[in-house]
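Descriptive analysis of the structure
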2 protein chains.
Amino acid sequence: MGSSETKRSDNYIMKLTSQWIAGFVDGEGCFHVGYYKSGQIQPEFTVVQHTRSIKVLYALKSFFGCGSVRQQKPNLWYYRVRRRSDLLDTIIPFFEKNQLKTRKKVDFIRFRWITIQCSRNNHLNDDGLKWILRIRNLMHK
Amino acid sequence: MGSSETKRSDNYIMKLTSQWIAGFVDGEGCFHVGYYKSGQIQPEFTVVQHTRSIKVLYALKSFFGCGSVRQQKPNLWYYRVRRRSDLLDTIIPFFEKNQLKTRKKVDFIRFRWITIQCSRNNHLNDDGLKWILRIRNLMHK
């Protein structure tokens, strides 16, 4: 965690409700699955905001108790959760309970499936990887 | 109301919670004040979505009981509330009760101020119009 993050975390953290988060993520959230040439599969949950609304990102971090807030561009920041255990134990159960309403729900379901496959190491064999990439290619469409 | 809208309205309408709507609008909503050369001031509340998520727009219309859903581009639809009484009696009180968390809240406060000024016909005199345009120019920044 960078010092700028530490400093900001000391400030007042606004409180969010589960339903507000579900609505906000329906608009602004992204369930992304990275695939690297090394063969690594990297599911990640991200919310991007202009610096003007950075407090919301820290509020999400505080609410979920995991992930990090970092700068992407001069006026753009993101909250991101990448750690597999945080995705499996916190983020995925949250959106199972507080269901998304837009078509982003379909992305979430595919994201969840891939994250679970990875937790079972199914991405380490050719057949498992092939299926993961098939599902991944259906996302964000 | 167009026939396509009537047809879609007959379908299942999903139920939304107030907090989900506040979160979703924090991400996807727009409080806009149009200014036309005729001197007309037109505050409007809009939410735009891809056709994939059009059900959410109809759910918003059903929830608020006002406004309309229309097509903007081939794959883009919007829910919009323009009628002054609907803004004053329904939309503005809703976001006073279910507060926005991002900087969009500042736009909402300016939008509310302008809408109230218009309801008092203050946009019809030069000084009132000047102040409304000043506040309008501060929005979305």
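Residues numbered from 1 in each chain as written. Chains lettered and ligands numbered in written order. Predicted model: local features only at pLDDT ≥ 70, side-chain atom pairs only at ≥ 80, totals over all residues.

1. Brief notes about the overall build of chain A
When helices and strands are tallied, chain A shows 6 helices and 4 strands. In sequence order, the secondary structure elements of chain A are arranged as α-α-β-β-α-β-β-α-α-α. Relative to the compact-globule value of 14 Å for 141 residues, chain A shows a C-alpha radius of gyration of 16 Å, a close match. Counting only C-alpha atoms and orienting by the principal axes, one finds that chain A spans roughly 50 × 30 × 25 Å. When each of the 141 residues of chain A is scored for burial, the buried share is 32%. A sequence separation of at least 24 residues applies to 56% of the contacts in chain A between residues at least 6 apart. (Helix = DSSP H or I, 4+ residues; strand = E, 2+ residues; numbered from the N terminus. Rg over C-alpha atoms; globule rule 2.2 N^0.38 Å. Buried ≥ 20, exposed ≤ 12 C-beta atoms within 10 Å, placed from the backbone. Contact = placed C-beta atoms within 7 Å.)

2. Points about helix α3 (residues 54–64) of chain B
All names here are of chain B. Every buried residue belonging to α3 is among Ile54, Val56, Leu57, Ala59, Leu60 and Lys61, and all of these are buried. On its buried face, α3 sits against α2 (18–28), β2 (41–50), β3 (68–73) and β4 (76–81). A positive backbone phi angle near 70° is found at Gly65, which sits one or two residues after α3.

3. Some words on the sheet that holds β2(B)
All names here are of chain B. What the 4 strands build is an open sheet, ordered β1-β2-β4-β3; its pairing is antiparallel. Each end of this open sheet is capped by a strand with a single partner; those strands are β1 (29–35) and β3. Between one strand and the next, the sheet's axes are offset by a mean angle of 35°, whatever the strand orientation. As paired elements, β1 and β2 share 7 bridges and run antiparallel to each other. Along β2, the bridge assignment pairs Phe31 with Phe45. (Pairing = 2+ DSSP bridges. Axes fitted to C-alpha atoms, helices over the stretch in contact; angles between N-to-C directions.)

4. Some thoughts on the UniProt feature "domain: Homing endonuclease LAGLIDADG" (unreviewed entry) in chain A
As annotated in UniProt, the feature "domain: Homing endonuclease LAGLIDADG" (unreviewed entry) corresponds to residues 21–112 of chain A in the numbering used here. What you have in residues 21–112 of chain A is 46% helix and 32% strand, and the ends, taken at the C-alpha atoms, are 18 Å apart. (UniProt positions renumbered as here; feature names shortened; annotations may be inferred.)

5. Some thoughts on unusual backbone geometry
In most cases, non-glycine residues show a negative phi, while peptide bonds are predominantly trans. Positive phi, normally seen in glycine, also occurs at His140(A), with a value near 60°. Here His140(A) lies in the segment after α6 (126–137). Classification of His140(A) by C-beta neighbours within 10 Å gives partly exposed; the count is 14. In this model, Asn121(B) sits at a positive phi of 65°, which is unusual for a non-glycine residue.

6. A word on the nonpolar core
Within the largest apolar cluster, 56 residues are counted, with the highest numbers of intra-cluster contacts made by Leu57(A), Leu60(A), Leu57(B) and Leu60(B). Discounting residues that sit within four places of it in the chain, Leu60(A) has contacts with Leu16(A), Ile21(A), Val47(A) and Tyr79(A). (Core = buried A, V, L, I, M, F, W, Y, C linked by C-beta atoms within 7 Å.)

7. Observations regarding the relation of the copies chain B and chain A
Relative to chain A, chain B is turned by 180° and slid 0.0 Å along the rotation axis, the superposed coordinates differing by an RMSD of 0.0 Å. Both copies of the chain, as the preceding transformation shows, are related through a two-fold rotation axis. (Least-squares fit on C-alpha atoms with pLDDT ≥ 70 in both.)

8. Some thoughts on the environment of Thr102(B)
Its place among the elements puts Thr102(B) in the loop between α4 (84–97) and α5 (104–119). A count of 21 C-beta atoms within 10 Å places Thr102(B) in the buried class. With 76 residues separating them in the primary sequence, Thr102(B) and Asp26(B) have C-alpha atoms 6.2 Å apart. Once residues lying within four places of it in the same chain are set aside, the contact partners of Thr102(B) are Gln49(A), Ser53(A), Val56(A) and Asp26(B).

9. Comments concerning the environment of Thr102(A)
In this structure, the C-alpha to C-alpha distance between Thr102(A) and Gly23(A), residues 79 residues apart in sequence, is 9.2 Å. Non-local contacts of Thr102(A), meaning those with residues more than four positions away in its chain, are made with Asp26(A), Gln49(B), Ser53(B) and Val56(B).

10. A word on the environment of Arg52(B)
Residues and elements named next belong to chain B. Locating Arg52 in the fold gives a position in the loop between β2 and α3. According to the C-beta neighbour criterion, Arg52 is partly exposed, with 14 such atoms within 10 Å. With 25 residues separating them along the chain, Arg52 and Trp77 place their C-alpha atoms 9.6 Å apart.

11. Focus on the interface of chain B and chain A
Each partner contributes residues to the interface: chain B has 19 residues there, and chain A has 19 residues. The element that contributes the greatest number of residues to the side of chain B that touches chain A is α2(B), accounting for 9 residues. Split into classes, the residues belonging to the side of chain B that touches chain A amount to 7 nonpolar, 7 polar and 5 charged. (Nonpolar A, V, L, I, M, F, W, Y, C, P; charged D, E, K, R; others polar.)

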